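Residue-level listing of the chains:
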There are 2 protein chains.
Amino acid sequence: MNNSHAKSRCNLFFETLGTRLKIDIITELKHEALNVNELARKLNQERSKVSHALLSLSECGFVNARKEGKRRIYSLNKETIIPLINLAERHVKKYCKACRKQRTERRKTK
Amino acid sequence: MNNSHAKSRCNLFFETLGTRLKIDIITELKHEALNVNELARKLNQERSKVSHALLSLSECGFVNARKEGKRRIYSLNKETIIPLINLAERHVKKYCKACRKQRTERRKTK
DNA sequence: AGAATATGTGAATTACAATTCACATATGAA
DNA sequence: TTCATATGTGAATTGTAATTCACATATTCT
């Protein structure tokens, strides 16, 4: 109906964090900076999939990349992400039953 | 590939906040508690659409509803949402160029 | 009871992000 | 320069949330 989007523009921010893979990537990067192959191996996911996810994470300023030889090392922008994830986990524990019984469990395995 | 989702379960939390409409609803409810019709009118959106959005917001513990006569008044669970939105907006201002040039602008109008 | 108001709901459709796959590029080693 | 390693990318497909619409339910008033 109406498409005038004047205010409140953090929906993309949240949308970007709204998949399991990206949360898992962030969880890994909390501990150490990693390149795509290492991430893909650790999470047991396709490299290309992880690469796409990292692109959107970096477009939103959640991760930074530095080149090191033939590798690209991705690191977490911890300044806002750490308190954000903490806040989210606290909320889920306290208020969000739907989040605790994961929606992913209902999803089909390929 | 792998479907063992043992850790990190706040992706649904973020996914739920990942649309414009829900962020707009939260923004309205910051100021005052409202019922569905009032929200729909203020946001210039279909009532049923707002109703569905409120359902998912309430399943995630973002809003609470109380019955008052024939109305249902929705109020914001401010405890975690207000600091969360503040954190998100600070991040967007500082780091997220992609979020500032809204993705919605590219979307087709019906 | 019947009408008006307020809201919920489920199923079909639509829209779009996530995934996949084949190929492009970039770096360093032999 | 050829090969191996590491990564990026775009386009087609797939999966799924958002939207729509027609109908159900619930409350209050006359």
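All values derive from a computational prediction rather than experimental measurement. (Residues numbered from 1 in each chain as written. Chains lettered and ligands numbered in written order. Predicted model: local features only at pLDDT ≥ 70, side-chain atom pairs only at ≥ 80, totals over all residues. Heavy atoms only, no water.)

K.L.:
Sorry if this is basic, but what is going on with unusual backbone geometry here?
P.N.:
For residues other than glycine, phi is negative in most cases, and the peptide bonds are mostly trans. You will see that N44(A), though not glycine, has its phi angle at about 55°, which is positive. Relative to the helices and strands, N44(A) is located in the loop between α3 (36-43) and α4 (47-59). (Helix = DSSP H or I, 4+ residues; strand = E, 2+ residues; numbered from the N terminus.)

K.L.:
When you look at the environment of N11(A) in this model, what are you seeing that I'm missing?
P.N.:
Residues and elements named next belong to chain A. Within the secondary structure, N11 sits in helix α1 (residues 11-16). N11 sits in the buried class, given a relative accessible area of 3%. Sequence-wise, N11 and S56 are 45 residues apart; in three dimensions their C-alpha atoms are separated by 14 Å. (Buried < 20%, exposed > 50% of the residue type's maximum accessible area, 1.4 Å probe, protein only.)

K.L.:
Would you mind showing me how to read helix α3 (residues 36-43) of chain B here?
P.N.:
All names here are of chain B. Burial in α3 covers these residues: V36, L39, A40 and L43. Down the axis of α3, the sector holding all buried residues measures 100°, keeping them to one side. Contacts from the buried residues of α3 go to α2 (20-31), α4 (47-59) and β2 (71-76). Following α3 by one or two positions, N44 has its phi on the positive side, about 55°. (Arc of directions from axis to C-beta. Contact = heavy atoms within 4.5 Å.)

K.L.:
Could you clarify how one ought to interpret a positive patch on the surface in this entry?
P.N.:
The grouping of R9(A), K93(B), K97(B) and R100(B) at the surface amounts to a positive patch. Of note, R9(A) is situated in the segment before α1. Overall, the relative accessible area of 43% leaves R9(A) in the partly exposed class. (Patch = residues over 30% accessible without salt bridge, like charges linked within 9 Å, V, L, I, M, F, W, Y side chains within 5 Å. Areas by Shrake-Rupley, 256 points an atom, 1.4 Å probe, with all protein chains shown as cover. Salt bridge = Lys/Arg side-chain N within 4 Å of Asp/Glu carboxyl O. Lys, Arg positive; Asp, Glu negative; His and termini not counted. Charge placed at Lys NZ, Arg CZ, Asp CG, Glu CD.)

K.L.:
I would appreciate a short explanation of the protein's contact with DNA strand C in the present structure.
P.N.:
Taken together, 25 residues surround DNA strand C, and among them S48(A), N35(B), H52(B), R72(B) and Y74(B) come closest. The side chain of R47(B) places a nitrogen or oxygen atom 3.2 Å from a base oxygen of DNA strand C. The side chain of R72(B) places a nitrogen or oxygen atom 2.7 Å from a phosphate oxygen of DNA strand C. Going through the elements one at a time, α2 (20-31) and α4 of chain A together with α3, α4 and β2 of chain B are the ones with two or more residues in the surface near DNA strand C. Its residues assigned to classes, the surface near DNA strand C comprises 3 nonpolar, 9 polar and 13 charged. (Near = heavy atom within 4 Å. Polar contact = N/O pair within 3.5 Å; in protein donor to acceptor, adjacent residues only side chain to side chain. Nonpolar A, V, L, I, M, F, W, Y, C, P; charged D, E, K, R; others polar.)

K.L.:
What is the right way to look at the protein's contact with DNA strand D in this model?
P.N.:
Around DNA strand D, a shell composed of 24 residues is seen, among which N35(A), H52(A), R72(A), Y74(A) and S48(B) lie nearest. Restricting attention to atoms of DNA strand D within 4 Å of the protein, one finds that 68% of them are sugar or phosphate atoms. In this structure, H52(A) approaches DNA strand D through a side-chain N or O atom, which is 2.8 Å from a base oxygen. Top contributing element to the surface near DNA strand D by residue count: α4(A), with 4 residues. Residue composition of the surface near DNA strand D, grouped by class: 3 nonpolar, 9 polar and 12 charged.

K.L.:
Explain the packing of α2(A) against α4(A) to me, please; I cannot follow it from the model alone.
P.N.:
Helix-helix packing is described using two parameters, namely the angle between the two axes and the distance between the axes. Residues and elements named next belong to chain A. One can describe the packing of α2 onto α4 by two numbers: an axis separation of 10 Å at closest approach and a directional angle of 80°. The angle between the axes of α2 and α4 places the two elements in the roughly perpendicular class. Only K49, V50, A53, L54, S56 and L57 of α4 make contact with α2, whose side of the interface consists of L21, K22, I25 and I26. (Axes fitted to C-alpha atoms, helices over the stretch in contact; angles between N-to-C directions. Parallel < 35°, antiparallel > 145°, perpendicular 65-115°, else oblique.)

K.L.:
What is the right way to look at the packing of aromatic side chains in this model?
P.N.:
On inspection of all chains with the given rule, the structure shows 5 aromatic pairs over all chains. Relative to F14(A), the ring of F13(A) has its centre 5.0 Å away and its plane inclined at 85°; by these criteria the two rings are edge-to-face. A relative accessible area of 1% places F13(A) in the buried class. Taken together through their ring pairs, the aromatic side chains of F13(A), F14(A), F62(A), F13(B), F14(B) and F62(B) make up a single cluster. (Phe/Tyr/Trp six-rings, centres within 6.5 Å; stacked < 30°, edge-to-face > 60°.)

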